[in-house]
Amino acid sequence: MTTDTTVTWLTQEAHDRLAAELASLSNFGRGDIAKKIESAREEGDLKENAGYHAAKEEQGKMEARIRTLTVLLRTAEVGHAPESNGIVVPGTVITATIAGDESRFLIGSREIGANSDLDVFSEQSPLGAAIIGLKVGAKTSYTTPNGKEITVHISNVETFTGA
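Values in this document were obtained by computation on a predicted structure and should not be read as measured data.

(A) Looking closely at the overall build of the chain. Summing up its helical and strand segments, the chain has three helices and seven strands in all. Taken from the N to the C terminus, the helices and strands of the chain come in the order β-α-α-β-β-β-β-α-β-β. Each principal axis of the C-alpha distribution contributes one length, and for the chain these read about 65 × 35 × 30 Å. Buried residues in the chain amount to 37% of all 163 residues. Counting only contacts in the chain whose residues sit at least 6 apart along the sequence, the fraction spanning at least 24 positions is 56%. By element, 51% of the accessible surface of the chain is carried by carbon and sulfur atoms, the whole surface being about 9,500 Å².

Shown next as structure tokens:
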């Protein structure tokens, strides 16, 4: 299990949706996977049993999602979006010129932007880490995972309204 204690801001709607997903996966998902694994086991030789291997892979993905949701919900700060005050913080909508192109996006967890048309960048992403704490008018740059240097100019910071 991860020991990262980063606090993630979530709307109440996002928190409730994720808590319901966690409850469903923990209560029903595990039982369904156990039945699939048991059924596949009854088919015989496990080394060449595609159904068994598929069920075990599905189980691994589900358990990873359960762990992710558990940590996220345990460390989440639930409430209204932080006021922008012209400073880039998690939960704000940013308008910026990135490598010459204007973009509008949300900084924070992809879970809060699930019902929005906005792209979402984590504050831990290269872009997010480069602009957190910057004010409107600030310019910076960051290095992408492939080594490319990208320039960013912050032109607006707004409070996220959830739409």
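(B) Here's a closer look at the pairing of strand E3 (residues 92-98). Across the seven residues of E3, six count as buried, placing the element largely inside the fold. When E3 meets strand E7 (residues 149-159), the two strands line up antiparallel, connected through seven bridges. Of the residues in E7, the one forming a bridge with Ile 98 is Val 152. The pairing of E3 with strand E4 (residues 101-107) spans six bridges and is antiparallel. When the bridges of E4 are listed, Val 93 appears paired with Leu 106. Joining the antiparallel neighbours E3 and E4 is a turn of two residues, in which Ala 99 adopts a positive phi near 50°.

(C) Region of interest: the sheet that holds strand E6 (residues 139-143). Spatial ordering of the open sheet is given by E5-E4-E3-E7-E6, a layout of five strands whose pairing is mixed. Of all the strands in the sheet, the pair left with one neighbour each is strand E5 (119-121) and E6. Neighbour to neighbour, the strand axes of the sheet diverge by 45° on average, direction disregarded.

(D) Region of the structure containing helix H1 (residues 12-41). Helix length check: H1 (30 residues) gives 42 Å between terminal C-alpha atoms against 44 Å at 1.5 Å per residue, within 8%. At Leu 25, H1 shows its maximal bend, which comes to roughly 35°. Residues Ala 14, His 15, Leu 18, Leu 22, Leu 25, Gly 29, Ile 33, Ile 37 and Ala 40 constitute the buried set of H1. On its buried side, H1 packs onto strand E1 (8-10), helix H2 (50-75) and strand E2 (76-78).

(E) Molecular detail of unusual backbone geometry. Here the phi dihedral of Ala 99 falls at roughly 50°; this positive angle occurs in a residue that is not glycine. For Ala 99, a relative accessible area of 47% puts it in the partly exposed group.

(F) Local environment of the UniProt feature "domain: Transcription elongation factor GreA/GreB N-terminal" (unreviewed entry) in the chain. The UniProt record annotates "domain: Transcription elongation factor GreA/GreB N-terminal" (unreviewed entry) at residues 9-78. In residues 9-78, the share of helix is 80% and the share of strand is 7%. The end C-alpha atoms are 6 Å apart.

(G) Looking closely at the domain arrangement of the chain. According to the domain assignment, the chain contains domain 1 (9-78) and domain 2 (87-159). One C-alpha centre belongs to domain 1, the other to domain 2, and the line joining them spans 31 Å. At the interface, nine residues of domain 1 touch seven residues of domain 2. Buried area between domain 1 and domain 2, both sides added, is near 600 Å², and the carbon and sulfur share of it is 53%. When the area that domain 1 buries against domain 2 is broken down by residue, the three leading residues are Trp 9, Arg 17 and Arg 65, summing to 62%. Secondary-structure elements contributing two or more residues to the side of domain 1 that touches domain 2 are E1, H1 and H2. Looking at the side of domain 1 that touches domain 2, the element that brings in the most residues is H1, giving four residues. A class-by-class count of the residues in the side of domain 1 that touches domain 2 yields five nonpolar, one polar and three charged.

So, how was this worked out
Residues numbered from 1 in each chain as written. Predicted model: local features only at pLDDT ≥ 70, side-chain atom pairs only at ≥ 80, totals over all residues. Heavy atoms only, no water. Helix = DSSP H or I, 4+ residues; strand = E, 2+ residues; numbered from the N terminus. Buried < 20%, exposed > 50% of the residue type's maximum accessible area, 1.4 Å probe, protein only. Contact = heavy atoms within 4.5 Å. Areas by Shrake-Rupley, 256 points an atom, 1.4 Å probe, with all protein chains shown as cover. Pairing = 2+ DSSP bridges. Axes fitted to C-alpha atoms, helices over the stretch in contact; angles between N-to-C directions. Expected span 1.5 Å × (residues − 1). Bend = angle between axes of the 7 residues up to and from the residue. UniProt positions renumbered as here; feature names shortened; annotations may be inferred. Domains from an automatic or database assignment. Buried area = accessible area lost by both parts, 1.4 Å probe. Nonpolar A, V, L, I, M, F, W, Y, C, P; charged D, E, K, R; others polar.

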